[in-house]
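As a plain string of letters, each chain reads:
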Amino acid sequence: MDPLLAISDLSVTFATDRGHVQALDGVSLDLVAGETLAIVGESGSGKSVTALSVLGLLGDSGQVKTGKIEFEGEDLTKVPASRLREIRGNQIAFIFQEPMSSLNPVLTIGTQVAEPIWLHHKKSWPEAIAEAGKLLAKVAIPDAEQRLEDYPHQFSGGMRQRVMIAMALACQPRLIIADEPTTALDVTVQAQILSLLKNLTKELGSSLILITHDLGVVARYADKVAVMYGGRIVETASALDLYKNPKHPYTNGLMASIPKLDGDPGSRLFTIEGQPPDLSDLPAGCAFHPRCPHVHEACRAGKPPLRSVAPNHELACFGYD
Amino acid sequence: MTNPNILEVEDLKVHFPITEGLLKRQVGSIAAVNGVSFHIRRGETFSLVGESGCGKSTTALSVLGMQAILSGQIIFDGENITGWTGAQMRHIRRKMQMVYQDPFGSLNPRMKVGAIIGEPLRVHGLAGDREKYRARIKHLMSTVGLLEEMSERYPHEFSGGQRQRISIARALALEPQLIICDEPVSALDVSIQAQVINLLMELQERLGLTYLFIAHDLSVVRHISDRVAVMYLGKIVEEADRDTLFKTPKHPYTKALLGAVPEADPELEARRAEQLIIGEIPSLRSPPMGCTFHTRCAQAMPICSIDSPTLKTVDATALTCHLY
């Protein structure tokens, strides 16, 4: 099957006061239709920048240096801004982390959900509003029709995130990108929102990119996982395979360092020494080498390429053979 | 040691006024903490778990004397400190310190790290002469795994994990008996959380500390706690020792909470039938009648919406639920 989204060798830099910072360095990713991909990483690993590049939302300071982002065969790094606007919110939708600040406080919920339908599907305004009401019901907002006239501040955090999902689904996108969609929510509400998102995505046959740092969320919802570190992908595999056979020392360390509900309480947790790297001052070679317990000479000299080490399992590490 | 408990909280109530209009007329109140009782034994880790608005942080602030209470009793180290303020509380805070969630907001950006760690000593007049003060800061820094030469730097030069070490060093400065940790790792990167959790456990063993641990991450809570209390809308709904609570949770809310947290194991997750708890946490302005959880409880009975359940002991668990 042709991938829905194929990112190849993507490099992105940002202009900052301290010079150019390389946020992404040769990122390659494939996503087929109907799949849920989780991008996992810590702060500064490049997971959000990857998502923003797909949408062409890098801002004035960000720049794609090399690489391609092919969405249904079309390279999004080459298309004009007007074409991107046609795609954004229509074929590719985005759900942000902060439902508080990503809704417009002075527009009604109905207006905000109806807008993409009116804009992209060229429906009349009353038709779009009617559809917005149906969408709100679909994301399980009680008394949906009545709440169209309400403003964001009248909704709770969980309800706002449901509104964001309704907006994202409005145009039946092929791809939904959700950047830490539940980090700001309580755990019982997080579970509701993520299942809703997963089920509705499945119903539409769309693909989902879930950006998160929560390995539990990944285990529950993702089909495939990409682990990022220092602006590069260090390992990709199916979720089952990755948790069972993590091969990169970083993935391994992450898995070992989280306390498990069936683990040995009170014992010392495995730790990865040191800190995640600063993107403006990345170590030479493999960015993980200063923290790696299995570091070789080669790791300090060059960057390991991402290569296939097992079916559907890719790894960027010199230590593996 | 006569009293095995370092802290005893009895029927604590904290209400916040709801005011309206220009004159801030009080039109009602919010029962943020509504009859909470627990005790903490010396040397143990006691955790308060719950979602936002359950009153876990307000309870902690009340214990520290940083929050006025409506009623109840707080006994610390054998002394009834209920309602103590200012100078009285200052003497208690030498024995009771706090580590906050946000390592970015809780350190003064204009102070050098050494000065931050030494501040409690200066405030309490324990700094002593220059040599002694320096040596003490050096010792505190090495205790939490910071290098001595870092004392001349400012907080912004440190990562989240290192800042949390600075907070812990500051909390240790007065050699307290009890440290209240309010979500100490939830703002940190995953690979850093384990470092801080290990440090907290090591310090407890070495220094005989007692922790009141406030968190929402159940796997962290299970790892570090001896006993756990689950809070919902200002009340403790279930309390037990760690193994009892995690192996045989009894209250429907505890069960729901445990079910809502995804485990980092895709095979286990695939086997686990997702049982979603319905609805959201009700507003504290108008909490539900009867058992406050009945609006979301899958096992609610008619009585649950009428009568507030009283505290019962079932096996080794204390809980408030009509099902038992």
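Our structure's up above, just so we're on the same page.
Cut-off values and rules
- Every chain's residues receive numbers from 1 upward, in the order its sequence appears when written.
- The naming scheme follows written order: chains are lettered A onward, ligands numbered 1 onward.
- In keeping with the predicted nature of the model, local features appear solely for residues at pLDDT of at least 70, side-chain atom pairs appear and are counted solely at 80 or more, and the whole-chain, interface and lining totals rest on all residues.
- Working from all heavy atoms in the structure, the side-chain values ignore hydrogens and water.
- Helix numbering and strand numbering both begin at the N terminus, where a helix is a DSSP run of H or I of at least 4 residues and a strand a DSSP run of E of at least 2.
- Our radius of gyration is a C-alpha quantity, and the globule rule it is checked against amounts to 2.2 Å times the number of residues to the power 0.38.
- Exposure categories follow from relative accessible area, calculated using a 1.4 Å probe and restricted to protein chains: below 20% of the type maximum is buried, above 50% is exposed, and the middle band is partly exposed.
- Methods summary: accessible areas were calculated by the Shrake-Rupley approach with a probe of 1.4 Å, and residue burial reflects only the protein chains presented.
- Neither His nor the chain ends is counted toward charge; the positive residues are Lys and Arg and the negative residues Asp and Glu.
- Note that the charge is assigned to NZ on lysines, CZ on arginines, CG on aspartates and CD on glutamates.
- Between rings of Phe, Tyr and Trp, where Trp is taken as its six-membered ring, a pair exists when centres lie within 6.5 Å; planes separated by under 30 degrees are stacked, by over 60 edge-to-face, and by other angles tilted.
- In this analysis the charged atom, NZ for Lys or CZ for Arg, is taken to sit over a ring once it is within 6 Å of the ring centre and within 35 degrees of the ring normal.
- Any two residues whose heavy atoms approach within 4.5 Å are treated as being in contact.
- Buried area: the accessible area, evaluated with a 1.4 Å probe, that two parts lose upon being put together, summed over both parts.
- Salt bridges are defined by distance alone: a side-chain nitrogen of Lys or Arg within 4 Å of a carboxyl oxygen of Asp or Glu.
- Lys, Arg, Asp and Glu make up the charged group, whereas Ala, Val, Leu, Ile, Met, Phe, Trp, Tyr, Cys and Pro make up the nonpolar group; the residues left over, Gly among them, are polar.
- Between N-to-C directions, angles cover 0 to 180 degrees, with each direction set by a line fitted to C-alpha atoms, over the stretch in contact for helices.
- For classification, angles of less than 35 degrees are called roughly parallel, those exceeding 145 degrees roughly antiparallel, those between 65 and 115 degrees roughly perpendicular, and all remaining angles oblique.
- Definitions for this section: a left-handed crossing has its near helix turned counterclockwise from the far helix by less than a right angle. A right-handed crossing has that turn clockwise.
- When DSSP finds at least two bridges between two strands, those strands are taken to pair.
- Expected span of a helix, by definition, is 1.5 Å for each gap between consecutive residues, and there is one gap fewer than residues.
- Along the arc lie the directions from the helix axis toward the C-beta atoms.
- What makes a patch is a set of residues exposed beyond 30% relative accessible area and free of salt bridges, joined within 9 Å when like-charged and within 5 Å when nonpolar (Val, Leu, Ile, Met, Phe, Trp, Tyr).

*Asks:* I'd like a description of the overall build of chain A, backed by residues and values.
*Replies:* Scanning chain A from terminus to terminus reveals 11 helices and 12 strands. Taken over C-alpha atoms, the radius of gyration comes to 21 Å for chain A, in line with the 20 Å a tight globule of 321 residues would show. Relative to its 321 residues, chain A shows a buried fraction of 55%. When the accessible surface of chain A is summed, it comes to about 13600 Å², and 52% of that surface belongs to carbon and sulfur atoms. Each charge sign in chain A was given a centre, from 29 positive and 37 negative side chains, and these centres are 1 Å apart.

*Asks:* Could you give me a rundown of the packing of aromatic side chains, with the residues and numbers involved?
*Replies:* The final tally for this structure, using the stated rule, is nine aromatic pairs over all chains. An angle of 65 degrees between the planes, with centres 5.3 Å apart, marks the rings of A:Y250 and A:F288 as edge-to-face. Of this pair, A:Y250 sits in helix α10 (residues 249–257) while A:F288 sits in the loop between α10 and α11 (297–301), and the two are 38 residues apart along the sequence. This pair shows no difference in class: A:Y250 is buried, exactly as A:F288 is. Relative to B:F46, the ring of B:F38 has its centre 5.1 Å away and its plane inclined at 10 degrees; by these criteria the two rings are stacked. No difference in accessibility class separates B:F38 from B:F46, as the two residues are buried. Here the aromatic cluster, defined as three or more aromatic residues joined through ring pairs, consists of A:Y229, A:Y250 and A:F288. Against the face of A:F155 rests A:R147, its NZ or CZ located 4.1 Å from the ring centre.

*Asks:* Please set out the interface of chain A and chain B residue by residue, giving values where relevant.
*Replies:* As a measure of interface size, the accessible area lost when the parts come together is often cited. Contacts between the two partners involve 46 residues from chain A, matched on the other side by 43 residues from chain B. For the pair chain A and chain B, the two sides together bury roughly 4000 Å², of which 56% comes from carbon and sulfur. Of all residues in chain A, A:R220, A:L261 and A:R268 give up the largest surface area on contact with chain B, accounting jointly for 20% of the area buried on that side. Inspection of the region where chain A meets chain B yields four salt bridges. The element contributing the most residues to the side of chain A that touches chain B is helix α7 (residues 187–204) of chain A, with seven residues. Within the side of chain A that touches chain B, the residues separate by chemical class into 20 nonpolar, 16 polar and 10 charged.

*Asks:* Residue-level account of the pattern of salt bridges, with values.
*Replies:* Inspection of the entire model under this criterion finds 30 salt bridges over all chains. Between B:E269 and A:R220 there is a salt bridge; the shortest N-O distance is 2.6 Å. You can see B:E269 sitting in helix α10 (residues 266–271) and its partner A:R220 sitting in helix α8 (residues 215–221), one on each of two chains. In terms of burial, B:E269 and A:R220 fall into one category: buried. Through salt bridges with shared partners, a single network forms among B:R41, B:E44, B:R227 and B:E239.

*Asks:* Now, about the packing of helix α3 (residues 113–123) of chain B against helix α4 (residues 130–143) of chain B: what can you tell me, with residues and values included?
*Replies:* Residues and elements named next belong to chain B. Look at α3 against α4: their axes get within 10 Å of each other, and the N-to-C directions meet at 115 degrees. By the angle class used here, α3 and α4 are roughly perpendicular. The handedness of the crossing between α3 and α4 is right-handed. Here V113, G114, A115, I117, G118, E119, L121 and R122 of α3 lie close against α4, whose contacting residues are Y133, R136, I137, L140 and M141. Split into classes, the residues belonging to the contact of α3 with α4 amount to eight nonpolar, two polar and three charged.

*Asks:* How would you summarise the sheet that holds strand β5 (residues 79–80) of chain B if you had to cite specific residues and measurements?
*Replies:* Residues and elements named next belong to chain B. The antiparallel open sheet is built from four strands, whose spatial order is β2-β1-β4-β5. Where the open sheet ends on each side, the last strands, each with one partner, are β2 (25–41) and β5. Contacts from helix α1 (residues 56–63) reach β1 (5–20), β2 and β4 (71–76), with the element oriented near 115 degrees to β1.

*Asks:* So what about helix α4 (residues 125–138) of chain A? Which residues, and what values?
*Replies:* Along an α-helix, residues three or four positions apart point the same way, because every turn accommodates 3.6 residues. Residue and element names in this part refer to chain A. In this model α4 runs 20 Å from its N-terminal to its C-terminal C-alpha over 14 residues, within 8% of the 20 Å that 1.5 Å per residue would give. Within α4, the full set of buried residues consists of A128, A132, G133, L135 and L136. The buried side chains of α4 occupy one side of the element, clustering within an arc of 165 degrees when seen end-on. Residues of α4 that are exposed and point over 90 degrees away from its buried face: P126 and K134. Where the residues of α4 are buried, they touch α3 (109–121), α5 (144–147) and α6 (157–169).

*Asks:* A description of a nonpolar patch on the surface should follow, citing residues and the corresponding values.
*Replies:* All names here are of chain B. Judged by side-chain polarity, M301, I303, L323 and Y324 come together as a nonpolar surface patch covering roughly 300 Å² of accessible area. Structurally, Y324 can be placed in the segment after β12 (317–320). Judged by relative accessible area, which is 37%, Y324 ranks as partly exposed.

*Asks:* How would you sum up α4(B)? Please name residues and give values.
*Replies:* Residue and element names in this part refer to chain B. In this model, α4 (14 residues) spans 20 Å end to end at C-alpha, consistent with the 20 Å of a helix rising 1.5 Å per residue. Here α4 has its buried residues at Y133, R136, I137, L140, M141 and T143. Across the axial projection of α4, the buried residues extend over an arc of 160 degrees, all falling on one side. Along α4, exposed side chains directed more than 90 degrees from the buried face belong to E131 and R134. The inward-facing, buried residues of α4 abut α3, α5 (160–172) and α6 (190–207).

*Asks:* Please provide a residue-by-residue account of the sheet that holds β12(B), values included.
*Replies:* Residue and element names in this part refer to chain B. Overall, mixed pairing links the eight strands, which are arranged β6-β7-β8-β3-β9-β10-β12-β11 in an open sheet. Where the open sheet ends on each side, the last strands, each with one partner, are β6 (96–99) and β11 (311–314). Taken over all neighbouring pairs, the strand axes of this sheet differ in orientation by 20 degrees on average, direction set aside. Pairing analysis gives four bridges linking β6 to strand β7 (residues 178–182), with the strands arranged parallel.

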